[in-house]
Amino acid sequence: MKPILIYDGNCGFCLYWIDIWGKKTKDRVEYAPYQSVSDQFPQVSLDQFKRSVQLVKPDGEITEGAKAVFEILAYNPSLTWLLKTYQNFPLFAKVAEGIYYFVAKNRSTLSSVLRMKSKDKL
């Protein structure tokens, strides 16, 4: 079984990052919108799914937020340093989680910014 990162499939900002993370982790991690799989994980509330990404590991452990992102990125050997930094430097972890939740609360605005940026490239 592979780890599965569960995200908000209705969030353009989320989809943008899932695409990037998927390229980094290749076939080592599965990705699925909570709208399709939430019933398979009754231990995770709808509010938790809406608040942040949820990583379900093969052993059943669930992590969320920045920690979950660093854990999936560690499936790419060249990016394991991110998770090690998160684990070994509490200040880094605290700042990373703060930034993650700030972004998560403002993702609709950030999604609009990404759309404008992509229009500028055309």
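The structure presented is a predicted model; accordingly, all values stated were derived computationally and were not measured.

Definitions and limits used
Residues numbered from 1 in each chain as written. Predicted model: local features only at pLDDT ≥ 70, side-chain atom pairs only at ≥ 80, totals over all residues. Heavy atoms only, no water. Core = buried A, V, L, I, M, F, W, Y, C linked by side-chain atoms within 4.5 Å. Buried < 20%, exposed > 50% of the residue type's maximum accessible area, 1.4 Å probe, protein only. Helix = DSSP H or I, 4+ residues; strand = E, 2+ residues; numbered from the N terminus. Contact = heavy atoms within 4.5 Å. Phe/Tyr/Trp six-rings, centres within 6.5 Å; stacked < 30°, edge-to-face > 60°. 1 Å grid on protein atoms, 1.4 Å probe; cavity = no way out; pocket = protein on both sides within 12 Å on 5 of 7 lines; lining within 4 Å. Points joined across faces, edges and corners; volume = space filled by probe spheres on them. Nonpolar A, V, L, I, M, F, W, Y, C, P; charged D, E, K, R; others polar. Polar contact = N/O pair within 3.5 Å; in protein donor to acceptor, adjacent residues only side chain to side chain.

A.B. asks: Hey, could you run me through the nonpolar core in this one?
C.D. replies: Generally speaking, soluble globular proteins have nonpolar side chains that are buried together. Membership of the largest hydrophobic core comes to 21 residues, with the highest contact counts inside it found for L5, W21, V53, F70, I72 and L73. When residues of this core are assigned to their parent elements, the largest contribution, six residues, is made by helix α4 (residues 65-73). The contact partners of L73, leaving out residues within four places of it in the chain, are W21, K24, T25, L79 and L82. Core analysis: the second largest hydrophobic core is formed by nine residues, I6, V37, F41 and V56 among them.

A.B. asks: Mind showing me how you'd approach the packing of aromatic side chains here?
C.D. replies: How two aromatic rings sit relative to each other is set out by the distance from centre to centre and by the angle between their planes. Applying the stated rule across the entire model yields seven aromatic pairs. On the basis of an interplanar angle of 35 degrees and a centroid distance of 6.0 Å, the ring pair of W17 and W21 is categorised as tilted. Taken together, the positions of W17 and W21, both in helix α1 (residues 12-25) and four residues apart, correspond to about one turn of that helix. Ring centres of F70 and F92 lie 5.7 Å apart, and the angle between their planes is 35 degrees; on these two criteria the pair is classed as tilted. Residue F70 is found in helix α4, and its partner F92 is found in helix α6 (residues 90-105); the two are separated by 22 residues along the sequence. With relative accessibility at 12%, the residue F70 sits in the buried group. Exposure remark for F92: the relative accessible area of 31% places this residue in the partly exposed category. Ring pairs connect the aromatic residues F13, Y16, W17 and W21, which therefore count as one cluster.

A.B. asks: Mind showing me how you'd approach the layout of surface pockets here?
C.D. replies: Empty space among the atoms can be located by rolling a probe the size of a water molecule over them. Here the largest pocket defines a volume of roughly 490 Å³. Breaking the lining of the largest pocket down by element, the ones donating at least two residues are α1, α3 (46-51), α4 and α6. A per-element tally of the lining of the largest pocket places α6 first, with seven residues. Of the residues in the lining of the largest pocket, the class split is 19 nonpolar, one polar and three charged.

A.B. asks: Just to check I follow, could you spell out the side chain of D8 for this structure?
C.D. replies: Assignment of secondary structure puts D8 in the loop between β1 (4-7) and α1. Of the residues examined, D8 reaches a relative accessible area of 11% and is grouped as buried. A polar contact is formed between the side chain of D8 and the side chain of Q35, at a distance of 2.7 Å. D8 has contacts with C14, Y34, Q35 and R107, leaving out every residue within four places of it along the chain.

A.B. asks: Even after reading the chapter, I still don't get the environment of E61, so can you show me in this structure?
C.D. replies: Mapped onto the elements, E61 comes out in the loop between β3 (54-56) and β4 (62-64). Not counting residues within four places of it along the chain, the set of residues in contact with E61 comprises L55 and V56.

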